[in-house]
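What the coordinates show
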Amino acid sequence: MESALSRALQEQRIEVYFQPIYSVREGRIIAAEALARLNDPQLGFVPPDEFIRVAERTGDIMEVGRQVVSQVCAFIAKEHPEQKGVHRISINLSPMQCMNDQLAAELSDIIDRYGVPFERINFEITESSIEDHYLIRKQMLTLKERGADFSLDDFGTGTSNLVRLLDLPIGFVKFDRNLVNSYFKGDANFLPDLVRMFQKARVLIVTEGVETAKMLGNLAAMGCDYIQGYYFSKPVPISRSEERFSRNA
Ligand code: C2E
Ligand code: CA
Ligand code: CA
């Protein structure tokens, strides 16, 4: 697996898929999340959870990150998804990337190289990325100043101090799929209270793992701002996403 990954990186074969994100208020797709894919000639399709974990261990995650950001920027520069109403593309940052005090400088270099406005980019970080609160906050503020935004990913899986989390410049919080599923199983009745809490903090809410019309209706009525999940679309290859976004209009 390690060598499959390093070969893929060398040959620039890491693929990027996009999963649309739906705006409840606008009633259409307004953003998308970039998700990395590794299709190895021998191993076949390797799930990202697996190869990202390996990349974290070997340090290859830095290069995975660079290649994903480059592909996303190339896509935005060429296809202008904003003209089809897709205003932001989200990019996942892993904890190891977030421990680098050159993170903002390196990401800015790539984004500038493609001439992409920072307003088109949203970075997703998880609670585990915030090991060094001061360091990550500083990197985030630098990118935020240029126009990028941030989502707190996988909310509901960690145990962090909410006050500390809200001290970070995050525009969005993403409710984890498991949290959302627990609610629909009757196990997380506090979800509407969480929604109100983030509304008060002026953080927009994205819910993940929405697979049915019933879930969509329920979460929209609760006040969630954005919906992501198989109900709208599975992640699609970059090459097909242009067509997927066009159906928006
Ligand atoms: P994530 O950031 O939480 O991404 C959302 C995952 O949920 C994606 O899995 C997506 O395909 C899946 N998903 C979306 N909607 C639904 C749904 O309605 N039902 C179900 N059952 N699943 C849904 P994926 O693509 O396998 O990615 C897994 C994880 O790998 C991501 O979780 C993220 O943590 C990581 N990952 C993917 N790409 C990258 C990347 O470029 N960089 C980094 N650092 N991590 C990445
Ligand atoms: Ca994510
Ligand atoms: Ca997530």
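This write-up is about the structure you can find in this document. Note that this is a predicted model, so its numbers are computed, not measured.

Some details on the packing of aromatic side chains
- Within this structure, the stated rule accounts for eleven aromatic pairs.
- Aromatic side chains F123 and F150 sit 5.9 Å apart centroid to centroid with 35 degrees between the ring planes, which places their arrangement in the tilted category. Of this pair, F123 sits in strand 5 (residues 121-126) while F150 sits in strand 6 (residues 149-155), placing them 27 residues apart in sequence. The pair formed by F123 and F150 is uniform in burial state, with each residue classed as buried.
- Judged by centre distance (5.2 Å) and plane angle (80 degrees), the ring pair of Y183 and F184 falls under edge-to-face.
- Judged by relative accessible area, Y183 falls into the buried class, the value being 18%.

Observations concerning the coordination of the calcium ion (ligand 3)
- Looking at the calcium ion (ligand 3), the protein donor atoms are D153 (OD), D154 (OD), E208 (OE) and E208 (OE), and they sit 2.2 to 2.6 Å from it.
- The sequence motif formed by the donor residues of the calcium ion (ligand 3) is D-D-x53-E.
- Between the calcium ion (ligand 3) and the calcium ion (ligand 2), both coordinated by D153, there is a metal-metal distance of 3.9 Å. Taken as a pair, D154 in strand 6 and E208 in the loop between strand 8 (204-207) and helix 9 (213-222) lie far apart in primary sequence, 54 residues in all.

Overview of the coordination of the calcium ion (ligand 2)
- The coordination sphere of the calcium ion (ligand 2) contains the protein donors E33 (OE), N92 (OD1), E124 (OE) and D153 (OD), at a distance range of 2.1 to 2.3 Å.
- We note that the donor set of the calcium ion (ligand 2) lies within a single chain, spaced as E-x58-N-x31-E-x28-D.

Some remarks on unusual backbone geometry
- Its identity is not glycine, yet Q12 carries a phi of approximately 50 degrees, on the positive side.
- Here Q12 lies in the loop between helix 1 (2-10) and strand 1 (15-23).
- Exposure remark for Q12: the relative accessible area of 59% places this residue in the exposed category.

Definitions and limits used
Residues numbered from 1 in each chain as written. Chains lettered and ligands numbered in written order. Predicted model: local features only at pLDDT ≥ 70, side-chain atom pairs only at ≥ 80, totals over all residues. Heavy atoms only, no water. Phe/Tyr/Trp six-rings, centres within 6.5 Å; stacked < 30°, edge-to-face > 60°. Helix = DSSP H or I, 4+ residues; strand = E, 2+ residues; numbered from the N terminus. Buried < 20%, exposed > 50% of the residue type's maximum accessible area, 1.4 Å probe, protein only. Donors = N, O, S within 2.8 Å, 3.2 Å for Na, K, Ca; no water.

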